[in-house]
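# Descriptive analysis of the structure
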Amino acid sequence: MSTVKPSSSTRPKPEASSLRAATSRPVTIISTTYASTNTTLNPVAATIVDFFNNLLDQIPLPRWAIYTIFAAGVLLILLCCLCVCIKCCCRGNKKKRQQKKDEKISMKGVNGKTTTALVQPDVGDVDYGSTRKYRGKLLYSLEYNAATSELMVGIKQADSLKAMDLGKSSDPYVKVYIVPDKIKTCETKVFKNTLNPGFNEQFNFQISKASLLKSTVVMQVFDFNRFTKHNIIGELRVQLGNVDWNHVIEEWQDLAEPAKFEEENLGEICFSLRYVPTAGKLTVVILEAKNLKSMDVGGSSDPYVKVQLALDKRKWKKRKTSIKKKTLNPYYNESFTFDVSFEQIQRVNLVISVWDHDTVTRNDAIGKIYLGCDSAGNQLRHWADMLSNPRRPVAQWHSLLSAEQVNSTLALKKKIPLPSKLPF
Ligand SMILES: [Ca+2]
Ligand SMILES: [Ca+2]
């Protein structure tokens, strides 16, 4: 083309001399340069190459300029792409960071909400609602005699106790013990059908001044039930390290919800019962006991089992197993047979009690249960199973109850006079 002037001066002679053929010449040159490779290119590729060559020839710029512009364009596009990518990435990270920030903020918000709006009122409800409104209060006294190392816990009276029975009343009694060294547990008498009992009882505990300051006295108010488990109404825990022992303490305190972790476990006992009506023989086999409460210093007991029969609520016959030294899981497998006629079996109560033997001091009762036609729950079931399966031994595990509880329910009268003097 005639407009291609700047490049014409630099061009070699043969091309300059034939400006009219400027369009056709380079094509032939390039086609010759590609001629050698044409042999390897397929016809389609060759036509594409030719098309591009023609296209480039129509642009009024030297080849190097076109290539430079093309390269610059490609570079510019690549740069644009890179910029876009970087921006996108940055935005993504920013979003993530913002999201994390938002999460943190929202978590804070949620935490704040739960502690202030949800948890605290709940705790408050438990502390104030259930204790003050529903459990009642207890008047107790505390006194310590340092000379004799004796702690006196007075259980005076209770007021506005929560009604646990259907008749909108309760049968309250109070259990008192010291933790962590739960050496003994004391109980008041049961007051039937009242929400304002006057107990007026005092319990003494031997405790050194040093351990006194590390101990807590626990006073638990229970509702007695003849035929079902006794329910706890509420409890008081007084840390003895915080008490001013220069004075006798006497104060009312609202009963709190009982701590669930410390339900008194006296242990369990397994024995079998067999009754042969024709022969009039009742056989009790004391098999084993487990998880007995430790009664001695050093966390052990020396347990033995007393098997007692009562006839018409009067002490009648009694036997006992051997003593197993220093164990809370004794194995006995000792058998006791009593003469009990078919006429008597309906009026008999079998009392099984586990005791801790002590050589110097009086033996302590660890736990007790009784079976008979007027017993309840698990015990009555075992007794009934024995009667409905004559001649067959029936074994069962039983959870021990406190001796005080059983005694107050069973209330055995004095021993029956000698069998020979009885009318039957
Ligand atoms: Ca009751
Ligand atoms: Ca002992």
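Residues numbered from 1 in each chain as written. Chains lettered and ligands numbered in written order. Predicted model: local features only at pLDDT ≥ 70, side-chain atom pairs only at ≥ 80, totals over all residues.

## Overview of helix α3 (residues 43-58)
Under the 1.5 Å per step criterion, the end-to-end length of α3 is 23 Å for 16 residues, consistent within 8% with the ideal 22 Å. Counting buried positions over the 16 residues of α3 gives zero, only a small fraction of the element. (Helix = DSSP H or I, 4+ residues; strand = E, 2+ residues; numbered from the N terminus. Expected span 1.5 Å × (residues − 1). Buried ≥ 20, exposed ≤ 12 C-beta atoms within 10 Å, placed from the backbone.)

## Some points on the sheet that holds strand β14 (residues 348-356)
Across the sheet, which stays open at both edges, the four strands sit in the order β12-β11-β14-β15 with antiparallel pairing between neighbours. Of all the strands in the sheet, the pair left with one neighbour each is β12 (314-320) and β15 (364-372). If you compare each strand with its neighbour and ignore which way they point, the axes differ by 25° on average. Examined bridge by bridge, β14 and β15 share eight bridges and lie antiparallel to one another. (Pairing = 2+ DSSP bridges. Axes fitted to C-alpha atoms, helices over the stretch in contact; angles between N-to-C directions.)

## Some words on the confidence of the model for the protein
Averaged over the protein, the pLDDT score is 77; the fraction of residues at 70 or greater is 73%. Ranking the elements of the protein by mean pLDDT puts helix α2 (residues 25-38) last with 40 and strand β13 (residues 331-339) first with 97. Here residues 1-39 is a poorly scored stretch, pLDDT under 50, and it has 19 contacts once near neighbours within four places are set aside; other chains count. Confidence over residues 98-132 falls short of pLDDT 50; this stretch has twelve contacts with residues more than four positions distant or in other chains. (pLDDT = per-residue confidence, 0-100. Contact = placed C-beta atoms within 7 Å.)

## A few points about the sheet that holds strand β4 (residues 185-187)
One open sheet accounts for four strands, arranged β4-β3-β6-β7; its pairing is antiparallel. In this open sheet, the two strands that pair with only one neighbour each are β4 and β7 (231-239). The mean angle between the axes of side-by-side strands here comes to 20°, regardless of whether they run parallel or antiparallel. Bridge count for strand β6 (residues 216-223) against β7 is eight bridges, and the pairing is antiparallel. Of the residues in β7, the one forming a bridge with V218 is R237.

## A word on the pairing of strand β1 (residues 137-145)
Across six bridges, β1 lies against strand β8 (residues 249-254) in antiparallel orientation. Among the inter-strand pairings, L138 is bridged to a residue of β8, identified as Q253. Two strands pair when backbone bridges link them, and β1 and strand β2 (residues 150-159) are joined in this way by nine bridges, in the antiparallel orientation. Its bridge partner being in β2, Y144 is matched across the sheet by L151. The hairpin formed by β1 and β2 contains four residues between the paired strands, and S149 there has a positive phi angle of roughly 55°.

## Some points on the pairing of strand β3 (residues 172-179)
Of all eight residues in β3, seven are buried; the element is thus mostly enclosed. The pairing of β3 with β6 spans eight bridges and is antiparallel. Bridged to K175 within β6 is Q220. As judged from the three bridges shared by β3 and β4, these two strands associate in the antiparallel manner. Paired with Y177 across the two strands is T185, which belongs to β4.

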